[in-house]
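Each chain is listed here by its residues.
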Amino acid sequence: MRIARFSIDGNVAFGAVEGDKPDELVVDIIKGSPYADFELSGVKVPLSKVRLLAPVIGHKIVAFGRNYAAHAKELGHEVPDAPFAFFKPATSMIGSGDAIQYPSFSEDLHHEAELAVVIGRMCREVPRERVKDVIFGYTCANDVTARDVQKREKQWARAKGFDTSCPLGPWVETELDPSDLTIQCTVNGQQRQLGRTSEMVHSIEDLVVNISEAMTLLPGDVILTGTPEGVGPLNVGDEVAVTIEGIGTLTNKVIKRG
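This is a predicted model, so every value here is computed, not measured. (Residues numbered from 1 in each chain as written. Predicted model: local features only at pLDDT ≥ 70, side-chain atom pairs only at ≥ 80, totals over all residues. Heavy atoms only, no water.)

S.K.: Give me the lowdown on the pattern of salt bridges, citing residues and values where you can.
M.R.: Tallied over the entire structure, the rule returns 14 salt bridges. With its nearest N and O atoms 3.0 Å apart, the salt bridge here joins E18 to K44. Of this pair, E18 sits in strand β2 (residues 11-18) while K44 is found in strand β4 (residues 39-46), placing the two residues 26 residues apart along the sequence. Between E125 and R124 there is a salt bridge whose closest N-O contact spans 3.9 Å. Neither residue differs from the other here; E125 and R124 are each classed as exposed. The network of salt bridges with shared partners includes K88, E112, D143, R147 and K160. (Salt bridge = Lys/Arg side-chain N within 4 Å of Asp/Glu carboxyl O. Helix = DSSP H or I, 4+ residues; strand = E, 2+ residues; numbered from the N terminus. Buried < 20%, exposed > 50% of the residue type's maximum accessible area, 1.4 Å probe, protein only.)

Laid out in structure tokens, this is it:
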């Protein structure tokens, strides 16, 4: 099931996206929380009539770096022996169609296409065999990074945590095997990144076990799983799209921060 979060006529709701053809997609509004038992209302709205939002309301975004060997190499880094985590604040999240605002303190903005894991229940110290039980679903992410700031500051909070630096969407796919999916990033229609989730150094199970050893995960929390090689610059006016097999396409345009 594809679960979207959207606004229509000033109201925000969750809904199940139905249909196969892009111009025939509709959203069936959900009654209740998508993270618990819910019912479909039967009230269906054309997807073209709503504004998609970030598909989750998360408390935190835990991101893992250097989780694809070729990407670590292209930036001149070693592959870490254990998962390497950092945070992006919830205020960095935007949805598909929203604008990425080029930060005024950077001159080298980069795209990073990633598979995002969405947590579905409160959990802590999750054993490997139970990881699938705590996952709500998966969505596309773009870990937008001020690369020049990342290089000169030891702490990545500003480089990766600025407003609009975490596009997510277009929706969460709840029924998906994430073990070997194609991840692609295009800028203005030209391919920049192409990889497969099977190339991850540390698996999704590794990542969930690692971070849940340290902290409680809550419904709607997001885990970013790393990016394949091919990261590169974004400029004002660019349209960047992240497509993941079995999920869909997350599209955002880069604008000057006002």
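S.K.: Give me the packing of aromatic side chains: which residues, what numbers.
M.R.: Counted by the stated rule, this structure contains four aromatic pairs. Seen from their ring centres, F84 and W156 are 5.4 Å apart, and the 75° between their planes marks the pair as edge-to-face. Residue F84 is found in strand β7 (residues 84-88), and its partner W156 is found in the loop between α3 (147-152) and α4 (157-161); the two are separated by 72 residues along the sequence. For F84, a relative accessible area of 30% gives the class partly exposed. Exposure remark for W156: the relative accessible area of 15% places this residue in the buried category. Seen in terms of ring centroids, F105 and F162 are 6.2 Å apart; in terms of plane orientation they differ by 85°. Their pairing is edge-to-face. Linking F105 in the loop between β9 (99-102) and β10 (109-111) with F162 in the loop between α4 and β14 (166-173), this pair joins segments that are 57 residues apart in sequence. A residue is classified by how much of its surface remains accessible, and F162, at 5% relative accessible area, is buried. (Phe/Tyr/Trp six-rings, centres within 6.5 Å; stacked < 30°, edge-to-face > 60°.)

S.K.: Can you tell me about the environment of T164, naming the residues and giving the values?
M.R.: Structurally, T164 is set in the loop between α4 and β14. When the C-alpha atoms of T164 and H77 are compared, they prove to be 26 Å apart, with 87 residues separating the residues in sequence. Excluding its chain neighbours within four sequence positions, the residues that come into contact with T164 are T91, S92, I94, A99, I100 and Q101. For T164, the side chain forms a polar contact with the main-chain nitrogen of Q101, separated by 2.9 Å. (Contact = heavy atoms within 4.5 Å. Polar contact = N/O pair within 3.5 Å; in protein donor to acceptor, adjacent residues only side chain to side chain.)

S.K.: Explain the nonpolar core to me, and be specific about the residues and the numbers.
M.R.: Ranked by internal contacts, the top residues of the largest apolar core, which has 53 residues, are L109, L115, I204, I223 and I244. For this core, the element with the most residues is helix α5 (residues 204-212), which contributes five residues. Apart from the residues within four sequence positions on either side, I204 is in contact with L115, V117, I135, Y138, P178 and T225. (Core = buried A, V, L, I, M, F, W, Y, C linked by side-chain atoms within 4.5 Å.)

S.K.: How would you sum up the side chain of N67? Please name residues and give values.
M.R.: Along the chain, N67 turns up in the loop between β6 (61-65) and α1 (69-74). Residues within four places of N67 in sequence aside, it is in contact with E199, M200, V201, H202, L207, T225 and G226.

S.K.: Break down the sheet that holds strand β20 (residues 248-256) for me, with residues and values.
M.R.: Pairing is mixed across the open sheet formed by five strands, whose spatial order is β9-β20-β19-β15-β16. A strand with exactly one partner marks an edge of an open sheet, and here the two such strands are β9 and β16 (190-196). Neighbouring strand axes in the sheet, compared pairwise and without regard to direction, differ in orientation by 20° on average. Sheet topology note: the strand β19 (residues 239-244)/β20 ladder contains six bridges and is antiparallel. Residue pairing in the sheet places E239 in a bridge with K253 of β20. (Pairing = 2+ DSSP bridges. Axes fitted to C-alpha atoms, helices over the stretch in contact; angles between N-to-C directions.)

S.K.: Would you mind going over unusual backbone geometry in detail, with residue names and values included?
M.R.: Cis rather than trans, the peptide bond between G169 and P170 has omega equal to 5°. Mapped onto the fold, P170 is located in strand β14. Notably, E125 is not glycine yet its phi reads approximately 50°, a positive angle. The topology assignment puts E125 in the loop between β11 (113-119) and α2 (131-134). We note that N188 has phi near 55°; this positive angle belongs to a residue other than glycine. Looking at where N188 falls in the secondary structure, it is placed in the loop between β15 (182-187) and β16.

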